[in-house]
Amino acid sequence: MAGSNYDTISRIFDTFAVTSRSRYVYIYDINRNLSRWSVNAVDYFGLPGEYVFNAGSVWESHVHPDDKTAYNEHLSIVFSGKKADPEFEYRARNKSGEYVACTCKGIIIKDYAGRPAFFACSITNHGVVNNNDPITGFPNQYEMLAQLGKYKNEKRNYIVLMINYIDFGEINRRFGYEFGNKILKTTANYLLDEFGNTGKCYRGEGTILAYVTTNMTLDEIKHMYQKVRSYTKGHLIIEGKKASADIGGGVIIADDFTVDEHTVYTSAKYALNYSKTERNGNLIIFHNGELENNKNSIELVDEVRSSVLNKCENFYLEYQPIVSSEDNSIVGAEVLIRWKKEPYGVVSPSEFVPWLEQDPVFYTLGNWILEKALIDGLEFRKTHKKFYININLAYMQLERSEFRTTLLEILRRTGYPSTGLFLELSHNVRQLSRDHLKSQVEFLKSCGIKIAVDVKDFADLDLVRQFPVDLIKIDPDISSSIDNNLTNRYVLETILDFADKMSVSTCITGIEDENIAQMIKKYNILSVQGYLYGRPLNLQDFEHSPLYISK
C-alpha cells in the first residue's frame, strides 16, 4: 500500500513494532480513520487486514458488550487531549468467538498545531477470560457447552431453558447500559434464588440467560417460565424503582445422545428467537424431535449442521430468474440454497435456514454459497454479458469483520466482477449496531458491489434511509395480493413512491398471477421475479430454460 496516506502511519508503526515484539501493536490515524495492526493481531482477532479503514467501528465490534461503555468513554477522554490513565483493560472477541482480557497502553501523538493526530497503542493479550460472566456471576456459554457434552457422554436426559428480554436494546437506549446490566443481574439473581437448587444457570451470548436441569419435568419448566415471566413483567425492582420488561423463552428436551451439544444449544436459541419474534414471548418448545407447529426435527438440523462442517456436502444451489419489467427479458438470478440427503430427500431452506442462522457454522455456509454462486455466475455471463447474481447476505457474515477479507479473496479466486453482484440485506441485520453495519455496507459499495434490501414492511425502509442502497426488493407478502387487498396495494404504492424520491431502483417479487403482472406494469419498477416468469432451477436446467436461451 503505497502513498502518503500510509507513509506516516507505517513509519510510526515500524518504530513501535521494533520495541514491542511480544505484543500486538496498532497505530490509529485519527483524521483519516485508518489504522495499521500487527500481523499476529490480524490473524488472532480475524481483522480485515493489516490496514483497517473505519477502524473505530471495526474494532468496537470486537469489544465485549459489557465493556463498550467504559471503552468508548476512555477513548473519548484520550482523543479530546485530556489527561487519562494511559493503560486500561477490556475484553475483546477473537476469531473463534472467545473473549480475551486485553490491556491497552497507548499515547497520543500530536501534529504541529498541537492537535491529536495519531494514537499509538500496544495491546497485551492475557488469554481467555474467567469463564464466569462478571455481570451475572454465571458460567458462560463455553462452560455450558462443556456441561451439555458431559451429559451426552453420560447418556443423561436434560432440559435446556433459554430466556431473553424481547427488546433489551430498547432498554439500553432508554435507560443506559448500566441500568440494563442491573436488570440482567436482578433477573439472574431471581433465577438462581428460585431455581438454583434444581438446575444450573448460565450466561449465553448477548443477554441470554440459560437454565439446564436433569431433575425437572417439562410441565415444571413451563411453570418455572411463567413465574420468571411474571416476575420480569411486574416485580422487578431496580434501585428502589419498579421496572417492567417482557421476556421470550425457548426450551429443548435433550434425550437423543447421537445429537451434538452444539445442535442442542442452537435449537434452544432458535426456539427462543421464535418466541421473541413470532409468539410475543410465549414459551416455544423443541420437543419430541421437532419444534411445536413446525416440521424442524432436531435429527434433521443436526444432519444439516454436520453437512456444513463436512465441507458443505449435500448442499446445492438453485437460481430463480429476475426479468426486466420493460420486456420480460432475463437480467439476473436470485441464489437459493438447497439440501438433499436420504432419507430426508430435498429439504426446503425454510426448514433449516432460520435454525442454522442461530449457529456460528452459518458463516461457513454463507461463504460457500457466495463462492459457488459466483463460479456459476461466470457461466451465465458468457452469453448474457450484463447478467447479475443476487445473494442473500447472512447476519452471521456481516457481523464478523473478517468477512471483508474473505469476500475479497472469493472475488479474486473466482474472477467474478463485483459490479455484477447484488448482496441483499434482510431485516435481521438491524440487530447489528448502526456504525458497524454502515462500515460494512460502505466497504461493499467501495468494492463495486450493489446493495439490495428485502422490504416486508415500512420498518425495513429505514435501512434505505440510512445506507447507500441500490435496490429495494418488495416481498411477496405485499405484492401477491394487490389485486384484491387494497391495503397492500397502498403499501406497495407508498414504497414505490419512496424509492422514486430516494432514486433507488425496485424489484417486485412473488409474481405468480398474470393479473398482478399486468397491474404492476403501470408502476416505475426495474425488474420482477416470481413463478410466473420461472421457478428456481439448478445450473444446467437454468441454462436450458426458454427464458434464458431467448436473448
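Above this note sits the structure.
Description of the structure in this document. A quick note: this is a predicted structure, and the numbers were derived from the prediction, not measured.

Notes on the packing of helix 14 (residues 403-414) against helix 15 (residues 434-446)
- Contact pair helix 14 / helix 15: the axes reach a minimum separation of 11 Å and the direction vectors enclose 15 degrees. By the angle between their axes, helix 14 is roughly parallel relative to helix 15. For helix 14 against helix 15, the interelement crossing comes out right-handed. Of helix 15, the residues touching helix 14 (which contributes Phe403, Arg404, Leu407 and Leu408) are Ser439, Gln440, Phe443 and Leu444.
- Residues that form the contact of helix 14 with helix 15 fall into these classes: 5 nonpolar, 2 polar and 1 charged.

Focus: the environment of Ile508
- Along the polypeptide, Ile508 turns up in strand 22 (residues 505-508).
- Given a relative accessible area of 0%, Ile508 falls into the buried group.
- On a C-alpha basis, the gap between Ile508 and Ile322 in space is 9.7 Å, while along the polypeptide they are 186 residues apart.
- Residues in contact with Ile508, not counting those within four places in the same chain, are Ile474, Ser479, Leu492, Ile520, Ile525, Ser527, Val528 and Gln529.

As for the pairing of strand 9 (residues 209-213)
- Of all the 5 residues making up strand 9, 5 are buried; the element is thus mostly covered by neighbouring parts of the structure.
- As judged from the 5 bridges shared by strand 7 (residues 158-165) and strand 9, these two strands associate in the antiparallel manner. Along strand 9, the bridge assignment pairs Val160 with Val212.
- Here strand 8 (residues 200-203) pairs with strand 9 via 4 bridges, running antiparallel. Within the sheet, the bridge partner assigned to Lys200 lies in strand 9 and is Val212.
- Hairpin connection, strand 8 to strand 9: the antiparallel pair is bridged by 5 residues, and Gly206 has positive phi, about 60 degrees.

With respect to the nonpolar core
- Within the largest apolar cluster, 107 residues are counted, with the highest numbers of intra-cluster contacts made by Val160, Ile389, Ile391 and Leu444.
- With 8 residues, the single largest contributor to this core is helix 12 (residues 362-383).
- With 33 residues, the next largest nonpolar core counts Ile171, Cys201, Tyr231 and Leu283 among its residues.

Quick look at the state of the cysteines
- If you walk through the whole model with that rule in mind, you get 1 disulfide.
- Linked covalently through their sulfurs, Cys104 and Cys121 form a disulfide whose S-S length is 2.4 Å. Of the two residues, Cys104 is situated in strand 5 (residues 99-110) and Cys121 in strand 6 (residues 116-128); the sequence distance between them amounts to 17 residues.
- With a relative accessible area of 1%, Cys104 lands in the buried category.
- Of the residues examined, Cys121 reaches a relative accessible area of 0% and is grouped as buried.
- Note on Cys102: no disulfide assigned, nearest cysteine sulfur contributed by Cys104 at a separation of 8.8 Å.
- Of the residues examined, Cys102 reaches a relative accessible area of 0% and is grouped as buried.

Examining the packing of aromatic side chains
- By the definition in use, this model includes 25 aromatic pairs.
- Judged by centre distance (5.9 Å) and plane angle (50 degrees), the ring pair of Trp339 and Tyr344 falls under tilted.
- Plain terms: the ring middles of Phe387 and Tyr548 are 6.4 Å apart, the flat faces sit at 75 degrees to each other, and that makes the pair edge-to-face. Taken together, the positions of Phe387 in the loop between helix 12 and strand 18 (388-392) and Tyr548 in helix 21 (residues 546-549) put the pair 161 residues apart, joining distant regions of the chain.
- By the ring-pair criterion, three or more aromatic residues cluster together here, those being Tyr24, Tyr26, Trp37, Tyr44, Phe45, Trp59 and Phe119.
- The ring of Tyr416 carries the charged tip of Arg381 above its face, separated from the ring centre by 5.7 Å.
- Across from the ring centre of Tyr531, 3.9 Å away, lies the NZ or CZ of Arg535, which sits over that ring.

Some words on the pattern of salt bridges
- Tallying each qualifying case throughout the model produces 22 salt bridges.
- The shortest N-O distance in the salt bridge between Arg338 and Glu318 comes to 3.2 Å. Residue Arg338 is located in strand 16 (residues 330-341), and its partner Glu318 is located in strand 15 (residues 315-324); the two are separated by 20 residues in the primary sequence. Considered together, Arg338 and Glu318 belong to a single accessibility category, that of buried residues.
- Put simply, Lys473 and Glu424 hold a salt bridge, and the shortest N to O gap is 3.6 Å. Here Lys473, found in strand 21 (residues 471-474), pairs with Glu424, found in strand 19 (residues 421-425); they are 49 residues apart in sequence, far enough to count as distant. Of the two residues examined, Lys473 and Glu424, each falls in the buried class.
- Residues participating in the shared-partner salt-bridge network are Glu371, Glu409, Arg412 and Arg413.

A look at empty space enclosed by the protein
- Scanning all chains against the criterion turns up 1 cavity of 30 Å³ or more.
- Along the walls of the largest cavity sit Lys152, Tyr158, Ala254, Asp255, Asp256, Phe257, Val259 and Val264, which together make up its complete lining.
- Split by residue class, the lining of the largest cavity holds 5 nonpolar, no polar and 3 charged.

Examining the packing of helix 9 (residues 261-278) against helix 10 (residues 298-309)
- Between helix 9 and helix 10, the shortest axis-to-axis distance is 10 Å and the interhelical angle comes to 120 degrees. When the axes of helix 9 and helix 10 are compared, the crossing they make is right-handed. Of the residues in helix 10, those touching helix 9 at His262, Thr263, Val264 and Ser267 are Ile298, Val301, Asp302 and Arg305.
- Here the residues of the contact of helix 9 with helix 10 are counted per class, giving 3 nonpolar, 3 polar and 2 charged.

Here is what the cut-offs are and how they apply
- Residues numbered from 1 in each chain as written.
- Predicted model: local features only at pLDDT ≥ 70, side-chain atom pairs only at ≥ 80, totals over all residues.
- Heavy atoms only, no water.
- Axes fitted to C-alpha atoms, helices over the stretch in contact; angles between N-to-C directions.
- Helix = DSSP H or I, 4+ residues; strand = E, 2+ residues; numbered from the N terminus.
- Parallel < 35°, antiparallel > 145°, perpendicular 65-115°, else oblique.
- Left-handed = near helix turned anticlockwise from the far one by under 90°.
- Contact = heavy atoms within 4.5 Å.
- Nonpolar A, V, L, I, M, F, W, Y, C, P; charged D, E, K, R; others polar.
- Buried < 20%, exposed > 50% of the residue type's maximum accessible area, 1.4 Å probe, protein only.
- Pairing = 2+ DSSP bridges.
- Core = buried A, V, L, I, M, F, W, Y, C linked by side-chain atoms within 4.5 Å.
- Disulfide = S-S within 2.5 Å.
- Phe/Tyr/Trp six-rings, centres within 6.5 Å; stacked < 30°, edge-to-face > 60°.
- Lys NZ or Arg CZ within 6 Å of the ring centre and 35° of its normal.
- Salt bridge = Lys/Arg side-chain N within 4 Å of Asp/Glu carboxyl O.
- 1 Å grid on protein atoms, 1.4 Å probe; cavity = no way out; pocket = protein on both sides within 12 Å on 5 of 7 lines; lining within 4 Å.
- Points joined across faces, edges and corners; volume = space filled by probe spheres on them.

Treat this as a map of the structure, not an account of what it does.
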